[in-house]
Structure formats: C-alpha cells, structure tokens
Amino acid sequence: DAGLDAYLDSAAPLPFIISKALRVEGQAQFNPMQYVKARAAHIHGTGCTLFENTPVTRITEGSPNILHTENGTVTAGKIIHATHSPKGVFAIHALLGPYREYAIAVKLNSSSYPEGIFWVRSDSNHYSIRSYTSRNGENYLLVLGESHKVGHKKNNEVCYQSLEAYARDRFDVKSVDYRWSAQSYKSADGLPYIGATNDKANVYIATGFAADGLTYGTLGAMIISALILGIENPWSKLYDPRRHNPLKSAGRFIKE
C-alpha cells in the first residue's frame, strides 16, 4: 500500500539462521554527523544564525515570544521546539514515554561485514544490526538493542553484557571497540507529534520520534515549514500534536 519495493524472503545475508525476512530494497544509510555539519554550513549566513553552547533556560510565550538564555534573550514571532521533548509544561508530556537503548561497535575476525540494515525480532526483544566504514577506512559492525524504559534497570552494565553476548553468539567478534547508549521518546499511538501547539500557530513542536530521528526530523521540517508558510501539507493532520485519540492510545498512555 505504501508503494515500497518489499517482499518476503526465507534468508538474509547474515551468519545465522532466520525463520522469515521482510526485505525492503533501496534503503539508504548515511552518517548523521556529516549530514548535520553539511546542513549547518549550507544555511549559516543565509538569513540564519546558529548558536552552539547556548541552552535556552525558559521561554515566555507572547507577542513576541522570548527565549531566555544565561547571557541574553532572543525574541521571535514563532518558535519551534526541535528537541527530544518540548521545553516547559505541555499536555503532550503525559503522552511521551522515555526509553533507553544500547549500542556496541565491534570488529570481526573476518572481513565479511554484512551489507544492509537489519532489524531482528527475537521473543520480546529487537536488535538492529548494520555495518559501518569510518572515514579512515576502518570497518565495524554496529549492534543495537536491550531497550527499556528509563529508570527501570538498576544495573545498566547488564544491558551491555547482554548485547555483547548476543553479538558474540552470532558473529566472529574480534573486539568491542566502542559502546554507548541513547535515549528517545515514544508517543502514545506510535506516531510523532509534529505541528502547532495552539490555534495561534506561534509555537511548534516535533517530538516522539522514538529511534527514527533522521527520517522524522526531515519530515518534521517539511510539515512545520509548510505550516509557517501557509502551504498545505498532506501529512500535517496525521502528525498533529492535538490529534490525541483516546481509543488508539489509551493502553499505552495507562502503561506509561
């Protein structure tokens, strides 16, 4: 229905047996840091100014809106909260669940690094596996998983140990070179909240991306820029932050 080049397969280019695979052709993988740096270089100076190391401590909504920092204020007719979670107090906060996921970058004894982006479902867990070549030509296998709600693990070290054991059971791991964790927010009904927070349309948010920030960040920019410019966007209603449907999200909301 979505028009994707997708089909079922009984195998995948992985060194372990699977029961079934859903293959989606034509996917892309790219380096998010290089992407952000290129974007910054492109927009800086063209009516846009970037300020690093300048966190906004609080926001006063009005005409104009005022963003307060430790060293001064910024006034703006419209504000976009392009953050993990909107700053301040919003009803949407009650619909967001914070989750943490872990990752390791390993080197293999062989030079056989699988090509593709793999999502593996295993009982109640899911894992993400993909290869990565650094700018100096070093090859790594990235393995991500062991997701849990923030604050629900007394010993986070166990998550790394479980992730490493999962990788070693399935790949010829030579060394674990890097490890890290990341935190994301999941919405009550599974879709991000992107758009205006009120009918005045002076404040916009983009949150609830879960672990799909590269995709939803781009979509968020498309939707919010269209709203600001008064251009119709076919997806704005679907992701509207005020869409809350009690029947679709009640179970998740109660759980959170």
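Preceding block: the structure.
Residues numbered from 1 in each chain as written. Predicted model: local features only at pLDDT ≥ 70, side-chain atom pairs only at ≥ 80, totals over all residues. Heavy atoms only, no water.

J.: Looking at this structure, I do not really get the overall build of the chain. What am I missing?
T.: Looking only at helices and strands, the chain features four helices and 13 strands. Viewed in the frame of its principal axes, the chain has a C-alpha envelope of about 60 × 45 × 45 Å. Relative to its 256 residues, the chain shows a buried fraction of 30%. Within the chain, contacts between residues separated by at least 24 positions form 58% of all contacts whose residues are at least 6 apart in sequence. Carbon together with sulfur atoms contributes 53% to the accessible area of the chain, which is approximately 16500 Å² in total. Counting 27 positive and 23 negative side-chain charges, the chain places the centres of these two groups 5 Å from one another. (Helix = DSSP H or I, 4+ residues; strand = E, 2+ residues; numbered from the N terminus. Buried < 20%, exposed > 50% of the residue type's maximum accessible area, 1.4 Å probe, protein only. Contact = heavy atoms within 4.5 Å. Areas by Shrake-Rupley, 256 points an atom, 1.4 Å probe, with all protein chains shown as cover. Lys, Arg positive; Asp, Glu negative; His and termini not counted. Charge placed at Lys NZ, Arg CZ, Asp CG, Glu CD.)

J.: Hey, could you run me through the packing of aromatic side chains in this one?
T.: Two numbers describe a pair of aromatic rings. These are the distance of the centres and the angle of the planes. The tally for this structure, following the rule as stated, stands at seven aromatic pairs. On the numbers, 3.8 Å between centres and 10° between planes, the contact of Tyr 127 with Tyr 166 is stacked. One end of the pair, Tyr 127, is in strand S9 (residues 125-133); the other, Tyr 166, is in helix H2 (residues 157-170), and 39 residues separate them in sequence. In this pair, the class of Tyr 127 matches that of Tyr 166, namely buried. Sitting above the plane of the Phe 16 ring, Arg 170 keeps its charged end 5.9 Å from the centroid. Taking NZ or CZ as reference, Arg 179 lies 4.3 Å from the ring centre of Tyr 160, over its face. (Phe/Tyr/Trp six-rings, centres within 6.5 Å; stacked < 30°, edge-to-face > 60°. Lys NZ or Arg CZ within 6 Å of the ring centre and 35° of its normal.)

J.: Quick question: what am I supposed to make of the pattern of salt bridges here?
T.: Applying the stated criterion across every chain, the model contains seven salt bridges. Across the salt bridge formed by Asp 9 and Arg 23, the nearest N and O atoms sit 3.6 Å from each other. Highlighted residues: Asp 9 in strand S1 (residues 6-9) and Arg 23 in strand S2 (residues 21-24), separated in sequence by 14 residues. Asp 9 sits in the partly exposed class, given a relative accessible area of 23%. (Salt bridge = Lys/Arg side-chain N within 4 Å of Asp/Glu carboxyl O.)

J.: How should the sheet that holds strand S5 (residues 73-76) be read in this particular structure?
T.: Note: strands within a sheet are paired through backbone hydrogen bonds, in either parallel or antiparallel orientation. Read across the open sheet, the three strands follow the order S3-S4-S5; overall the sheet is antiparallel. Two strands close off the open sheet at either side, each with one partner strand: strand S3 (56-60) and S5. Averaged over all adjacent pairs, the angle separating strand axes in this sheet is 20°, with direction ignored. Here strand S4 (residues 65-69) pairs with S5 via four bridges, running antiparallel. Across the sheet, residue Leu 67 finds its bridge partner in S5, namely Val 74. (Pairing = 2+ DSSP bridges. Axes fitted to C-alpha atoms, helices over the stretch in contact; angles between N-to-C directions.)

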